[in-house]
Structures are given as structure tokens and as C-alpha cells.
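The residues making up each chain are set out below.
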Amino acid sequence: MTEYVLPKVWTWEQPSGGQFASINRPIAGPTHDRNLPVGKHPFQLYSLATPNGQKVSIMFEELLEKGHKDAEYDAWPIRIGEGDQFGSGFVAVNPNSKIPALVDRSGSQPVRVFESGAILVYLAEKFGEFLPPSGAERAETLSWLFWQMGSAPFLGGGFGHFFAYAPEKFEYPINRYSMEAKRQFDVLNRRLAESEYIAGADYSIADIAIWPWYGGVALGRSYPGADEFLATSEYEHLMRWAKQIDARPAVQRGRKVNKLTGDPSEQLHERHDASDFALRTQDKLQPADESEAVKDDAI
Ligand SMILES: N[C@@H](CCC(=O)N[C@@H](CS)C(=O)NCC(=O)O)C(=O)O
């Protein structure tokens, strides 16, 4: 590795290299005018089946599974590899230009919600599910939810980036982020040794937030080879929990929503109705997107 001589002021002169370099830029705001589509349901979700996106579609499917008919939603794919997140309509819903983003149109004025953690809390409070209303149990659930928000960027943006996406295998950052990723897996494993679910005896938005990231790596879905590299099978309690959540019907449906890559039977590009899943299974809805430019399972 040639030594990098720091300039006095950093300037954006060239793409940094590696996957996703083409969508990274040091400025915010829209790059083009484009309105977002609006469907028939009260909730409009603009997303992609990445771990951050899966959290919200899993939450909607769990609410529907519990019988909340008012939780019906339209889910529209945002192709982040093609820059959809920089369209004016999307930026108006999320000024941070990242999926997932939600518009609740059930009231007199539309309400925008961005950041997956904020969306989970908003829906949990609206439907009175998956987040205890007060006291120690609520504090524990929110603690783990915010743990995920602070920790997963080291797993994804740190470990995952240098393990899978950087233009070369650099030993220093891979060591640094593998150390942190394994420490985080151990945090979860110890917690799950004493508790069935992350926040206690009940399944909650903490599980819904944490599972797509840590379950995804442990089950060998994110970053091919990362499960072996990090020896995730050694985290016995975490593996038990990852498989238990993976078996939930709502989780199996939620993972498919806005999924554009991988096995065609796992993809549901747009979701507008519960019956869309059956249509997808029969392969009648839409053909698979062959583009592998952005593998949605692992970003
Ligand atoms: N903290 C945010 C993170 C969202 C995020 O990083 N989304 C990624 C996909 S997983 C994205 O939209 N990336 C597009 C980009 O960076 O331009 C959340 O939890 O909602």
C-alpha cells in the first residue's frame, strides 16, 4: 500500500473505488426532479430489501400477521445503485437520501418518517405492538434498538465494506472491523444466552432491527464467506435466535419485499397486496431483475 500524504484540505477529485463508489458523493440534496409514486394504502414505503429496508417491511408484515388491517401498505423499490434516492420526491421524504423512507397518509396531512429506527418506533406506537408502553421493558427495548443503530454501521460500513466491497483487501481495516464485529456478536450471544428475545421474553422492534443485520451475517446471507470468516456458528445462542426469527412467516414475507436480486422466487419488486406474495411464488408478477450491480441483501 502506498502511503497517503494528507493534503491540508480534502477535495473530491476521484471516485474512492470499490462497489458503490459511483453513488457516493460529499454533498446532499436532489440531483434530479422525480415524483414518488403513491398507491391506494395509507402507508407508502419507499425502500429496498437491504438489512435496513427489511426492518420496515418485516414490521408491516408482523403487524398484518397480528390482524392489524390498517397496516396495509404499498412498497415501492428505490434503486439506490441507479440514484433513485437523489430524486426530488425521495429527498423531500428523506433529506438524508437513504432507504427506508415512509409516508403515512392515514391522517389529514401526510407524515414523513425516515431512519429505520424512527419508523419502527412510529409504527410500534401507532399500533401498540412490539414496544412496551412504559417502564423498564420499554427502556430495555429502546436501548437495544439504539444499540443496533449505533453498532451496525461498524458491521456493514466497516467490516462488510472492507471484507466484500473495497477495491482491494486491506489488512488493517479488515482486522479492525473484524475485531469489532466479533465483539458485537459476542454482546448479542451473551444477551441471548439469558433471554429468549433481545429485549426480554417478548419479540419486539429490537429483534426486528437487529436480525436483518446480525442474522443476515450469521445465516451466511450477507457478504459471502463472512459467516465462516467470523466463525459465527460459534455464537450458539445467537444462532438459535437467528434461526427462530428466520422461521417467522412475517419475516419470510418481509425479506422479499422490494427485493430486486437473487433467487427470483425470493423477489417481490413492488408490494401492494397480501396476494402479491402468492403471485410472486407462482412467478407471475414480474421477471427477475438480472442486474447484480447492487446486491440488496447486504448493503
Ligand atoms: N441509519 C439509516 C441507514 C440507511 C442506509 O444506510 N440505507 C442505505 C441502504 S442500506 C442507502 O439507502 N444507501 C444509499 C446511499 O447511501 O446513497 C437507517 O437506519 O435508516
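What you are looking at is a predicted structure, and each value in this text was computed from that prediction instead of being measured.

**Digging into the overall build of the protein chain**
Okay, so step 1: A count of helices and strands for the protein chain gives 10 helices and 4 strands.
Okay, so step 2: Helices and strands appear in the protein chain in the N-to-C order β-α-β-α-β-β-α-α-α-α-α-α-α-α.
Okay, so step 3: Against the 2.2 N^0.38 benchmark of 19 Å for 299 residues, the protein chain shows a C-alpha radius of gyration of 19 Å, consistent with a compact globule.
Okay, so step 4: Across its three principal axes, the protein chain shows a C-alpha extent of roughly 60 × 50 × 40 Å.
Okay, so step 5: Out of the 299 residues in the protein chain, the part that is buried amounts to 38%.
Okay, so step 6: Residue pairs at least 24 apart in sequence account for 67% of intrachain contacts in the protein chain once pairs closer than 6 positions are excluded.

**Remarks on the nonpolar core**
Okay, so step 1: Core analysis: the largest hydrophobic core is formed by 65 residues, its most contacted members being Met-59, Leu-120, Ile-205, Tyr-214 and Leu-238.
Okay, so step 2: With 10 residues, helix H6 (residues 205-218) is the single largest residue contributor to this core.

**Describing the site of the ligand**
Okay, so step 1: The ligand sits among 13 residues. The nearest are Thr-50, Asn-52, Ile-80, Lys-98 and Ser-116.
Okay, so step 2: Residue classes in the shell around the ligand are distributed as 5 nonpolar, 6 polar and 2 charged.

**Topic: the confidence of the model for the protein chain**
Okay, so step 1: Averaged over every residue, the pLDDT of the protein chain is 93; the share at 70 or more is 92%.
Okay, so step 2: In the model, residues 284-293 has pLDDT below 50 throughout and makes 13 contacts with residues more than four positions away in sequence or in other chains.

**Overview of helix H9 (residues 249-256)**
Okay, so step 1: For H9, the complete set of buried residues consists of Val-251, Arg-253, Gly-254, Arg-255 and Lys-256.
Okay, so step 2: Just downstream of H9, Asn-258 is the residue with a positive phi angle, here 60 degrees.

Rules used in this analysis
Residues numbered from 1 in each chain as written. Predicted model: local features only at pLDDT ≥ 70, side-chain atom pairs only at ≥ 80, totals over all residues. Helix = DSSP H or I, 4+ residues; strand = E, 2+ residues; numbered from the N terminus. Rg over C-alpha atoms; globule rule 2.2 N^0.38 Å. Buried ≥ 20, exposed ≤ 12 C-beta atoms within 10 Å, placed from the backbone. Contact = placed C-beta atoms within 7 Å. Core = buried A, V, L, I, M, F, W, Y, C linked by C-beta atoms within 7 Å. Near = placed C-beta within 6 Å. Nonpolar A, V, L, I, M, F, W, Y, C, P; charged D, E, K, R; others polar. pLDDT = per-residue confidence, 0-100.

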